[in-house]
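# Summary of the model geometry
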Amino acid sequence: MNIYLIRHGRQNSKLCNVDVELSPEGREQADLVGKRLQTYHIDVVYSSQLIRAKETADIINKYLNKPRVIEERIQEANFGAMTGMTNEAIDEKYGDYLAQRSTMTTDMTYPDGENCQMVYERAKAGLDDIVKDSLEKGYENICIVTHGGVLRALVTGIMGAPYKNWLAVGRQIENCSISQLLYDEKSKTYHVERFNDFAHFENEDRLLRKHFGSGFFKKNGRPSWPGWAGAPPRSCRCPPPCGP
């Protein structure tokens, strides 16, 4: 069974992990990945209950016309006390936390929120149930619209990497990129087949995160974490693994 994990399109907010609709660019991203998925023989389209994921999945499904299912366990990581805050407020209040977290020495929990292990365990449980239901229905190709934190947690857990290293999984996971898992029915195991494939943006470079000052890179190309001097403004203000 092929499982195609799609990161939602760019959201329309600069606040941390707020539940809002897509931006115009996000809808365009969803449209492009939907067109690409027409050739993937998708049987069903899942998404989390968050607006940005639901809207992305609905746009994709205009090209697929397949059953739509909500699975709440694949929603974004819980950023706890940071939810709804601006980048400036997060830097001021949680700068020391972010600096320590960036060293990846432990699987640190967001203040009053989740860490990688917590995200992996609930998202993996949701994924297992999706696979079970899909096998019962004879589905072979599953589309799941989810979030950056879930993608990092699932890849980390499936690969058997230490949870503390989840920030090492993709510094720039593009919105509406495709990551693919293969589920082997005989061994009941998951295999990572591809990650962060955004070839459908080949002629639409303007839709990539680098043009929105997003993620971990300064404009001069040197790595930067939120809160470091010179970091460009990001359209969503969450610290990684979220982003817009």
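For the structure given in this document, a descriptive report is provided here. The written sequence of each chain sets the order in which its residues are numbered from 1. With pLDDT at 70 or above as the cut-off, local features in this predicted model cover only qualifying residues; side-chain atom pairs require 80 or more to be listed or tallied, and sums for whole chains, interfaces and linings still use all residues. Values shown for side chains rest on all heavy atoms present in the structure; no hydrogens or waters enter the calculation.

### Quick look at the overall build of the protein
Each helix is a run of H or I in the DSSP string that is no shorter than four residues. Each strand is a run of E no shorter than two, and both are numbered from the N terminus. The helix and strand tally for the protein stands at five helices and six strands. Reading the protein from its N end, one meets helices and strands in the order β-α-β-α-β-α-α-β-α-β-β. For the exposure calls, accessible area comes from a 1.4 Å probe over protein chains only, and a residue counts as buried if that area is under 20% of its type's maximum, exposed if over 50%, partly exposed in between. For the protein, the residues scored as buried account for 57% of the 244 residues in total. Counting only contacts in the protein whose residues sit at least 6 apart along the sequence, the fraction spanning at least 24 positions is 69%. For this analysis, residues touch if any pair of their heavy atoms sits within 4.5 Å.

### Focus on the pattern of salt bridges
Salt bridges are defined as contacts in which a side-chain nitrogen from Lys or Arg sits within 4 Å of a carboxyl oxygen from Asp or Glu. In this structure the tally under the stated criterion is 13 salt bridges. A salt bridge links Asp-31 to Lys-35, with the nearest nitrogen and oxygen atoms 3.4 Å apart. Here Asp-31 pairs with Lys-35, and both are found in helix H1 (residues 24–37), just four residues apart, close to one helical turn. Since its relative accessible area comes to 18%, Asp-31 is described here as buried. Between Asp-58 and Arg-68 there is a salt bridge, and its shortest N-O distance comes to 2.8 Å. Taken together, the residues span a long stretch of sequence, with Asp-58 in helix H2 (residues 51–61) and Arg-68 in strand E3 (residues 68–70) at a distance of 10 residues. Accessibility expressed as a relative area gives 27% for Arg-68, which makes it partly exposed.

### Observations regarding H2
By the criterion of burial, H2 is predominantly enclosed, with eight of the 11 residues buried. Inspection of H2 places Arg-52, Ala-53, Glu-55, Thr-56, Ala-57, Ile-59, Ile-60 and Asn-61 among the buried residues, and these make up the whole buried set. On its buried face, H2 sits against strand E1 (2–7), H1, strand E2 (44–47), E3 and strand E4 (141–146).

### Brief notes about the side chain of Ser-177
By the element assignment, Ser-177 lies in the loop between helix H5 (148–159) and strand E5 (178–184). Accessibility expressed as a relative area gives 0% for Ser-177, which makes it buried. Counting of polar contacts relies on pairs of N or O atoms within 3.5 Å, with two restrictions inside protein: one atom must be capable of donating a hydrogen and the other of accepting it, and residues adjacent in sequence are counted only when both atoms are side-chain atoms. Polar contacts involving the side chain of Ser-177 include one to the side chain of Asn-196, which spans 3.2 Å. Once you skip the residues sitting within four places of it in the chain, Ser-177 turns out to touch Leu-5, Ile-6, Arg-7, Asn-196, Asp-197, Phe-198 and His-200.

### Quick notes on the environment of Thr-39
With respect to the element layout, Thr-39 can be found in the loop between H1 and E2. Overall, Thr-39 belongs to the exposed group, its relative accessible area being 58%. Taking the C-alpha atoms as reference points, Thr-39 and Tyr-63, 24 residues apart in sequence, are found 10.0 Å from one another. There is a polar contact of 3.3 Å between the side chain of Thr-39 and the backbone oxygen of Arg-36.

### As for the sheet that holds E5
Two strands pair if DSSP finds at least two bridges between them. Taken in spatial order, the six strands line up as E3-E2-E4-E1-E5-E6 in an open sheet, and their pairing is mixed. Either end of the sheet is taken by a strand with one partner, and the two such strands are E3 and strand E6 (189–197). The average undirected angle you get between the axes of adjacent strands in this sheet is 20°. Two strands pair when backbone bridges link them, and E2 and E3 are joined in this way by three bridges, in the parallel orientation. Pairing of Tyr-46 across the sheet is with Val-69, part of E3. Helix axes are fitted only over the stretch in contact, all axes being lines through C-alpha atoms; the angle between N-to-C directions runs from 0 to 180 degrees.

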